[in-house]
Amino acid sequence: MIFRNSVQGKDQRLEVLVLTNLAEESCVPRCGASLHELNKALRIELNANANLFPPDALVRCETESIKVYDGPSTNSPLLGQVCNDTDAVPVLQSSTNSLTFLVTTNSVAFTRNFFVFYYFFSPEAKAENCGGQLTGSNGTLTSPNYPAPYPEFMYCVWHIQTAKNSKINLQFQDFFLELDQNCRFDFTAVYDGLTTNTGLIGKVCGRAQPAFESSSNVMTVVLSTDYANSYRGFSAQYTTLLTCSSDSMKIVLSKSYLASLGYNETHLQLNDPSCSPIITESVIFSFPLASCGTTKKDEGHSITYTNIVSLSATGNIITRQKSIQIIAKCKMENNSTLEVIYITKNNIIQNTTAVGRYKVSMSFYDSDSFSKPIRQSPYYVDLNQTLFAQVSLHSTDPNLLVFVDSCIASPQPDFGSLTYDLIRSGCNKDDTVVTYPPLEHYGRFKFNAFRFLRSFASVYLQCDILICDSKTTNSRCTEGCISRQKRAISSYMWKTNTVVGPIRLKRDLRSADHSGKRNT
């Protein structure tokens, strides 16, 4: 089933919105129709009165789909495809004044229908305040002309990107778009990422005060409007509530966000009231993980640091304000820092999470005092020379232990098929390896330099590192060498890996020097 849209004039382009699962009354064109109106809303119906795609999860794009082509035929470039599992609001824009969309169905007998709205626009027509790039820990965005009615035929895209290892909270303080049960005409869509192709968090219209949260430090906001019934639009603010790093916690609360809760910057305190915030346009608490009353909990395969921002009302006798606590958690697990922040309002809990990681590094040292790191790269050594390696955890928490669980060597930096075990499950697999007892934030070992056969010039090391709470008795970091069977039931707090290299023999360096002299 093919539909073609075109309009006279070379300076116009077409935008089409495809929505499924709708059964409202609308224009129903015949199969193979050509549409020439400047804008039109229409409902395509094949066998009347149910879903576009059958509920069978086995239905794939190859058998049931809508394809939109950038031109007058299906030989034109493919703009996009809408399928049963499309995780987006399909809005597609042509590069010229025509496009074609092709509906493909299989032989299963059931009703299919969908709603399409298309309109033509001039590429030169661009409204003020329509989309853009937003960075920083917090900011605001408004619809074009806000608080006056927004223009017709708008498609605005805002890309929000905050600091790495943070998460975005988007709150609409004012929101008034055309109301429709399926949000077909005017709507705002929010995506969990920097594109509109997937990751739809939600789509809203009408009157509301919606809020959205991303899973990372990027979010995309879209405003789409049609040709009629414009209203006030929206005003929204985004904030990054919590950022966790290897050694610190940062809580950022905008003044407008606090005002929406009925408080201001004078009402806030951490577990330790002596830890004061920095107050600018936002209220910022930034402090080391093991300070300001932060509590630490060993949860088996993770370590969680928790602090609480309490919002307390002023006055000595009574208050009519809700009691609010913002519970911030940095959870270290699975090669990442998982940030969790809870906001409690009279025992109602909301939460948000984000992802970061511990900071771990590995270096060679010139002796077993581990006082002078080797800065040169490659590190040229003699065959059978004793090499001293140290893994360092960069954290302000003094109650952590670092344990070198496994270490392999490879002649290639990608650690392909050829590898050699130095340490495995805490056990020394090479006769020259000596491991040192865990020492706070450092894991140390030494071994004698070797080379791979078949004339490989370099050796790289990759080590798996475990991090444990030093106050936990019998943690994996204190168990040392264990068998595979025992390791299967042993717990650790956090695991990552780190790479160092290359190591090369000094004779390779001398050969290179001699070669250079001969060539001069």
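- In the nomenclature of an unreviewed UniProt entry, the chain is known as CUB and zona pellucida-like domain-containing protein 1 of Bubo bubo.

**A word on the overall build of the chain**
At step 1: When you go through the chain residue by residue, the secondary structure sums to 4 helices and 38 strands.
At step 2: A burial count over the chain gives 47% of its 520 residues as buried.
At step 3: Partitioning the intrachain contacts of the chain with sequence separation of at least 6 by distance along the chain shows that 71% fall at a separation of at least 24.
At step 4: Carbon together with sulfur atoms contributes 47% to the accessible area of the chain, which is approximately 25300 Å² in total.

**Comments concerning the sheet that holds strand E17 (residues 218-224)**
At step 1: Pairing is mixed in the open sheet, where 5 strands are placed in the order E10-E12-E17-E14-E15. Two strands lie at the open edges of the sheet, namely strand E10 (132-135) and strand E15 (200-204), each paired on one side alone. Shown here is a sheet whose adjacent strand axes are inclined to one another by a mean of 15°, direction ignored.
At step 2: When strand E14 (residues 187-191) meets E17, the two strands line up antiparallel, connected through 5 bridges. Across the sheet, Ala189 pairs through a bridge with Val222, a residue of E17.

**A closer look at the pairing of E14**
At step 1: Counting buried positions over the 5 residues of E14 gives 5, a clear majority of the element.
At step 2: Residues of E14 alternate between two faces, with Phe187, Ala189 and Tyr191 on one and Thr188 and Val190 on the opposite face, all of them buried.

**Here's the deal with the side chain of Gln390**
At step 1: By the secondary structure assignment, Gln390 is in strand E31 (residues 386-393).
At step 2: Polar contacts involving the side chain of Gln390 include one to the side chain of Tyr365, which spans 3.2 Å.
At step 3: In this structure Gln390 touches Ser361, Met362, Ser363, Tyr365, Phe370, Tyr442, Gly443 and Arg444, once residues within four positions along its chain are discounted.

**Side note on the packing of aromatic side chains**
At step 1: Under the counting rule described, the total for this entry stands at 14 aromatic pairs.
At step 2: With 5.4 Å between their ring centres and 85° between their planes, Phe172 and Phe175 make a pair best called edge-to-face. Side by side, Phe172 and Phe175 carry an identical accessibility label, which is buried.
At step 3: Ring centres 6.2 Å apart and planes at 90° place the aromatic pair Phe370 and Phe388 in the edge-to-face group. Of this pair, Phe370 sits in the loop between strand E29 (360-365) and strand E30 (379-381) while Phe388 sits in strand E31; the two residues are 18 residues apart in sequence, bridging distant segments of the chain.

**Examining the state of the cysteines**
At step 1: Counted according to the given criterion, the structure contains 7 disulfides.
At step 2: Between the sulfur of Cys130 and that of Cys156 lies a disulfide, 2.0 Å long from S to S. Every disulfide takes its handedness from the sign of the S-S torsion; for Cys130 and Cys156 that torsion is -105°, giving left-handed. Of this pair, Cys130 sits in the loop between strand E9 (112-121) and E10 while Cys156 is found in strand E12 (residues 155-161), placing the two residues 26 residues apart along the sequence.
At step 3: Judged by its relative accessible area of 0%, Cys156 falls in the buried class.
At step 4: A sulfur-sulfur distance of 2.2 Å marks the disulfide that ties Cys183 to Cys205. The sign of the -80° torsion about the S-S bond sets the Cys183-Cys205 disulfide as left-handed. Of this pair, Cys183 sits in the loop between strand E13 (169-176) and E14 while Cys205 sits in the loop between E15 and strand E16 (211-213); the two residues are 22 residues apart in sequence, bridging distant segments of the chain. Cys205 matches Cys183 in its accessibility class, with the two residues each being buried.

**A few points about the sheet that holds strand E22 (residues 278-279)**
At step 1: Ordered by their spatial adjacency, 4 strands build an open sheet running E19-E20-E23-E22, and the pairing between neighbours is antiparallel. At either margin of the open sheet sits one strand with a lone partner, and together these are strand E19 (242-244) and E22.
At step 2: Two strands pair when backbone bridges link them, and E19 and strand E20 (residues 248-254) are joined in this way by 3 bridges, in the antiparallel orientation. Opposite Thr243, over in E20, you have Lys250 as the bridge partner.

Thresholds applied
- Residues numbered from 1 in each chain as written.
- Predicted model: local features only at pLDDT ≥ 70, side-chain atom pairs only at ≥ 80, totals over all residues.
- Heavy atoms only, no water.
- Helix = DSSP H or I, 4+ residues; strand = E, 2+ residues; numbered from the N terminus.
- Buried < 20%, exposed > 50% of the residue type's maximum accessible area, 1.4 Å probe, protein only.
- Contact = heavy atoms within 4.5 Å.
- Areas by Shrake-Rupley, 256 points an atom, 1.4 Å probe, with all protein chains shown as cover.
- Pairing = 2+ DSSP bridges.
- Axes fitted to C-alpha atoms, helices over the stretch in contact; angles between N-to-C directions.
- Polar contact = N/O pair within 3.5 Å; in protein donor to acceptor, adjacent residues only side chain to side chain.
- Phe/Tyr/Trp six-rings, centres within 6.5 Å; stacked < 30°, edge-to-face > 60°.
- Disulfide = S-S within 2.5 Å.

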